[in-house]
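Here's the letter readout for the chains.
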Amino acid sequence: MKIKLAEHYGMCFGVRDAIAEAERLAGEGPLTILGELVHNPVVGERLRMLGVEDGVFEVGAARTERVMITAHGASDRKREEWRLAGFGVADGTCPLVRQAHGQLGRLVGLGYFPVVIGKRGHAEVVGLTGDFPEAYVIEVEEDILGLPWVERYGVISQTTQTVERVKELVEAIRVGRPGREVEYRDTVCQPTKNRQRALGELVGECEALVVVGGRNSNNTGQLARVAREAGRVVFQIERPEELEAGWFVGVKSVGVTGGTSTLKESIHAVYERLKGIAVEMEEKVAMNEIF
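Residues numbered from 1 in each chain as written. Predicted model: local features only at pLDDT ≥ 70, side-chain atom pairs only at ≥ 80, totals over all residues. Heavy atoms only, no water.

With reference to specific residues and values, describe the overall build of the chain.
Summing up its helical and strand segments, the chain has nine helices and eleven strands in all. Whereas a compact globule of 291 residues would reach a radius of gyration of roughly 19 Å, the chain reaches 21 Å, a difference of no more than 12%. Principal-axis analysis of the C-alpha atoms places the extent of the chain at approximately 70 × 55 × 25 Å. Split into buried and exposed, the 291 residues of the chain put 51% on the buried side. The long-range share in the chain, meaning contacts at least 24 apart out of those at least 6 apart in sequence, stands at 72%. Put simply, the chain shows about 13600 Å² of open surface, and 52% of that area lies on carbon and sulfur atoms. Side chains of the chain carry 36 positive and 43 negative charges; the gap between the two charge centres is 3 Å. (Helix = DSSP H or I, 4+ residues; strand = E, 2+ residues; numbered from the N terminus. Rg over C-alpha atoms; globule rule 2.2 N^0.38 Å. Buried < 20%, exposed > 50% of the residue type's maximum accessible area, 1.4 Å probe, protein only. Contact = heavy atoms within 4.5 Å. Areas by Shrake-Rupley, 256 points an atom, 1.4 Å probe, with all protein chains shown as cover. Lys, Arg positive; Asp, Glu negative; His and termini not counted. Charge placed at Lys NZ, Arg CZ, Asp CG, Glu CD.)

Describe in detail the pattern of salt bridges, supporting the description with residues and values.
In the structure shown here, the tally under the stated rule is 28 salt bridges. Note that arginine 197 is salt-bridged to glutamate 7, the shortest N-O span being 3.5 Å. Of this pair, arginine 197 sits in helix α7 (residues 190–205) while glutamate 7 sits in the loop between β1 (2–5) and α1 (13–28), placing them 190 residues apart in sequence. Residue class for arginine 197 comes out partly exposed when judged on its relative accessible area of 41%. Between aspartate 91 and arginine 98 there is a salt bridge; the shortest N-O distance is 3.9 Å. Overall, arginine 98 belongs to the partly exposed group, its relative accessible area being 42%. (Salt bridge = Lys/Arg side-chain N within 4 Å of Asp/Glu carboxyl O.)

Please set out the side chain of arginine 195 residue by residue, giving values where relevant.
Relative to the helices and strands, arginine 195 is located in helix α7. For arginine 195, which is buried and forms no salt bridge, the nearest opposite charge comes from glutamate 7, at a distance of 10 Å. Among the polar contacts listed, one links the side chain of arginine 195 to the backbone oxygen of proline 191, at a separation of 2.8 Å. Excluding anything up to four places from it in sequence, arginine 195 contacts His8, Tyr9, Gly10, Met11, Cys12, Leu223, Gly258 and Thr260. (Polar contact = N/O pair within 3.5 Å; in protein donor to acceptor, adjacent residues only side chain to side chain.)

Can you explain the nonpolar core? Please cite residues and give values.
Across soluble globular proteins, you tend to see nonpolar side chains buried next to one another. One finds Val210, Leu243, Phe248, Val270 and Leu274 to be the most contacted residues of the largest nonpolar core, which totals 30 residues. Of all the secondary structure elements, the ones that give two or more residues to this core are α7, β9 (208–212), α8 (218–229), β10 (233–237), β11 (253–258) and α9 (264–286). If you tally residues by element for this core, the top one is α9, at six residues. Residues within four places of valine 210 in sequence aside, it is in contact with Phe235, Ile237, Leu243, Phe248, Val254, Gly255, Val256, Thr257, Val270 and Leu274. The next biggest cluster of nonpolar side chains, apart from the first, holds 19 residues, and it includes Val15, Ile19, Ala22 and Ala71. (Core = buried A, V, L, I, M, F, W, Y, C linked by side-chain atoms within 4.5 Å.)

Give a detailed account of the sheet that holds strand β3 (residues 66–69), specifying residues and quantitative values.
Adjacent strands of a sheet pair through backbone hydrogen bonds, lying either parallel or antiparallel. Pairing within the open sheet is parallel, and its three strands lie in the order β2-β3-β4. The sheet is open, and its two borders are formed by β2 (32–33) and β4 (88–91), each paired with just one other strand. In terms of strand pairing, β3 meets β4 through four bridges, oriented parallel. In the sheet register, valine 67 faces β4, and the bridge partner there is valine 89. In the packing of α1 onto the sheet, contacts are made with β2, β3 and β4, and the angle to β3 comes to roughly 175°. (Pairing = 2+ DSSP bridges. Axes fitted to C-alpha atoms, helices over the stretch in contact; angles between N-to-C directions.)

Could you give an account of the environment of arginine 177, naming the residues involved and the relevant values?
Tracing the chain through its elements places arginine 177 in the loop between α6 (163–176) and β8 (181–184). On a C-alpha basis, the gap between arginine 177 and proline 148 in space is 9.5 Å, while along the polypeptide they are 29 residues apart. Within the local environment of arginine 177, its side chain forms a polar contact with the backbone oxygen of leucine 147, the two atoms lying 2.5 Å apart.

Pulling in residues and values, what's your account of the sheet that holds strand β5 (residues 113–117)?
Taken in spatial order, the four strands make up an open sheet running β6-β5-β7-β8, and their pairing is parallel. Both edges of this open sheet fall to β6 (136–138) and β8, since each of them pairs with a single strand only. Strand after strand, the sheet turns through a mean of 30° between neighbouring axes, direction not considered. By the bridge criterion, four bridges tie strand β7 (residues 152–157) to β8 in an arrangement that is parallel. Within β8, the position partnered with tyrosine 153 by the bridge is valine 182. Running at roughly 180° to β7, helix α4 (residues 95–109) makes contact with β5, β7 and β8 of the sheet.

Which residues make up the side chain of serine 253, and what values go with them?
Checked against the element boundaries, serine 253 lands in strand β11. Polar contacts involving the side chain of serine 253 include one to the main-chain amide nitrogen of glutamate 207, which spans 3.0 Å. In contact with serine 253, other than residues within four places in its own chain, are Met1, Lys2, Glu205, Cys206, Glu207 and Ala208.

Okay, here's the thing in structure tokens:
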């Protein structure tokens, strides 16, 4: 069984920097993360071992004097609420998410009605729309039916959406609202684009794919979905221990990738585990135990 690692995979610089900052702050004193720093249980466990609390959302509910915004970002309104409540607020927002906030704000300033393409309820989308109560979120094409009729729409997307899907939905908005102006700003981040492109290469070369990352990670889920839609067998896992040799009986080629919130060491561990499974299967074939 051949095993191929994607050209681009795993943690992006925004997530890596947020984790490093959280670890630095934890070394200085008690810290609470406002939500989940990144959607990866391995990272969460590591931070909790350093004494970091997480999963707090309600303003004022933290038991520490300092709180930290996650890599997914937050609205200016939410930041100010925490400051007024007397907390020191550290910011772990990915710079590319911050750029998406800026693009949406500029569109609104130019008089466009704000539209965000993304997963409704996701931390990043909640942050993007938090300063614009009128903002409309489009997750699937059917959502366009409820889009208010206005003259001008300003559209951005969650940074971890697939480029093709975003373009399809922007075009669907234009078709569904004929005669209206639709101004689209591309806010899908480059690390996400790189991983999507590398996934396309794996899909073209491998029968099956292992996608490593948190089960509630949007970008990890997108990678798995795209691979399945391409007709590949996909196993989405969080840890190498989840791999089962039986999944790969008869499989000649496996690709490995991971989302932008996945530790590279986790992906490497999965890669090594797959190599071990391949050796085990070869030995069994030699002993006529697998056909």
